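Architecture and fold: a report
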Amino acid sequence: MALINIDGDPWLTELDACENLSNDIQSQLAARNRENQLSREYGVLSGTVRVRLKQLGSELDQLTRKLGLISNTLTSGEAERRQRRIEALQSKLIQLQRQFQYVEPAAARSALFETGSNSRARVAFADDDDDDVPALIPSQSNYTVSDLRSQQTRILEDQNEGLEALSQVIARQKELATRIGGEVDRHNDILDDLAQTMETTDGRINRETRQIGAITTQDSTWGYWIVIAVLFVAIVLVGIF
């Protein structure tokens, strides 16, 4: 998908485009579910949704890489906020993939047995030697055993891609939790060092205060002794003269 770089942050512009793409996929899935599974419209919508799901996954991978490149130019809070928006879109992508792979039971039975508005359904039984092939195949359907196998293979591949994306999201969450835990430990160490420094400083201040008090007391005593000595000399002189 070609994303246009308009005024503002190009990364945010691409993120908005991915959100719009996910909303379009949701609408197309809803339209597909209203169609008969054997109809041409259902097949066209399924193909379109499959391509757009892969496109959305590729765009999210690019956004994740670009965020890693520009993260040093962002504040930690802004980088985390953008990462959470990407992870929300990745979770939505997984949900869309599951919706794409899921077939409603009622719709499946209707598509399986529907051959005409007034005619009775006719089915062909699969060979007994192949347990992987569905037992009932519509007799007037254009689907062949090979088509069904291919569709099953695509479903398994889509499931594997969804599980891989989910694994990446979980790994990213684990990495963020590890980083947060490391930051908390570092802050605790800083607080411990600060508390120890404050305790040492407080002890020094107390010692200095006691020393100043002792010096002050000594200075006051010397003053008294000087006064006594002066008085004594004065008395002696008065007695002599």
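With an unreviewed UniProt entry as reference, the protein chain is termed t-SNARE coiled-coil homology domain-containing protein, source organism Anopheles stephensi. Under the UniProt heading Subcellular location (unreviewed entry), the note attached to the protein chain is "Membrane".

Let us now look at the overall build of the protein chain. In terms of helices and strands, the protein chain carries five helices and two strands. When the helices and strands of the protein chain are read in sequence order from the N terminus, they spell out α-α-α-α-β-β-α. Buried residues in the protein chain amount to 20% of all 241 residues. Counting only contacts in the protein chain whose residues sit at least 6 apart along the sequence, the fraction spanning at least 24 positions is 65%. Accessible area of the protein chain: about 17200 Å², with a carbon and sulfur share of 56%.

Any segment with low pLDDT has predicted coordinates that should not be analysed in fine detail. Chain-level pLDDT for the protein chain is 75 on average; 73% of the residues reach the 70-or-more range. Mean pLDDT across the secondary structure elements of the protein chain bottoms out at strand β1 (residues 123-125), with 36, and peaks at helix α1 (residues 10-33), with 90. In the model, residues 1-7 has pLDDT below 50 throughout and makes ten contacts with residues more than four positions away in sequence or in other chains. Low pLDDT (under 50) marks residues 111-141, which in the prediction has 39 contacts with non-local residues, meaning those over four places away or in another chain.

Mapped onto the secondary structure, Leu 166 falls in helix α5 (residues 145-240). Taking C-alpha positions, Leu 166 is 9.5 Å from Leu 93, a pair spaced 73 residues apart along the chain.

For the rest of this paragraph, the subject is a negative patch on the surface. Negative charge collects at one region of the surface, where Asp 61, Glu 157, Glu 161 and Glu 164 lie side by side. Its location among the elements puts Glu 164 in helix α5.

A few words now on a nonpolar patch on the surface. A surface patch of nonpolar side chains, amounting to about 480 Å² of accessible area, comprises Phe 232, Val 233, Val 236, Leu 237 and Ile 240. Note that Leu 237 resides in helix α5.

Thresholds, definitions, all that
Residues numbered from 1 in each chain as written. Predicted model: local features only at pLDDT ≥ 70, side-chain atom pairs only at ≥ 80, totals over all residues. Heavy atoms only, no water. UniProt positions renumbered as here; feature names shortened; annotations may be inferred. Helix = DSSP H or I, 4+ residues; strand = E, 2+ residues; numbered from the N terminus. Buried < 20%, exposed > 50% of the residue type's maximum accessible area, 1.4 Å probe, protein only. Contact = heavy atoms within 4.5 Å. Areas by Shrake-Rupley, 256 points an atom, 1.4 Å probe, with all protein chains shown as cover. pLDDT = per-residue confidence, 0-100. Patch = residues over 30% accessible without salt bridge, like charges linked within 9 Å, V, L, I, M, F, W, Y side chains within 5 Å. Salt bridge = Lys/Arg side-chain N within 4 Å of Asp/Glu carboxyl O. Lys, Arg positive; Asp, Glu negative; His and termini not counted. Charge placed at Lys NZ, Arg CZ, Asp CG, Glu CD.

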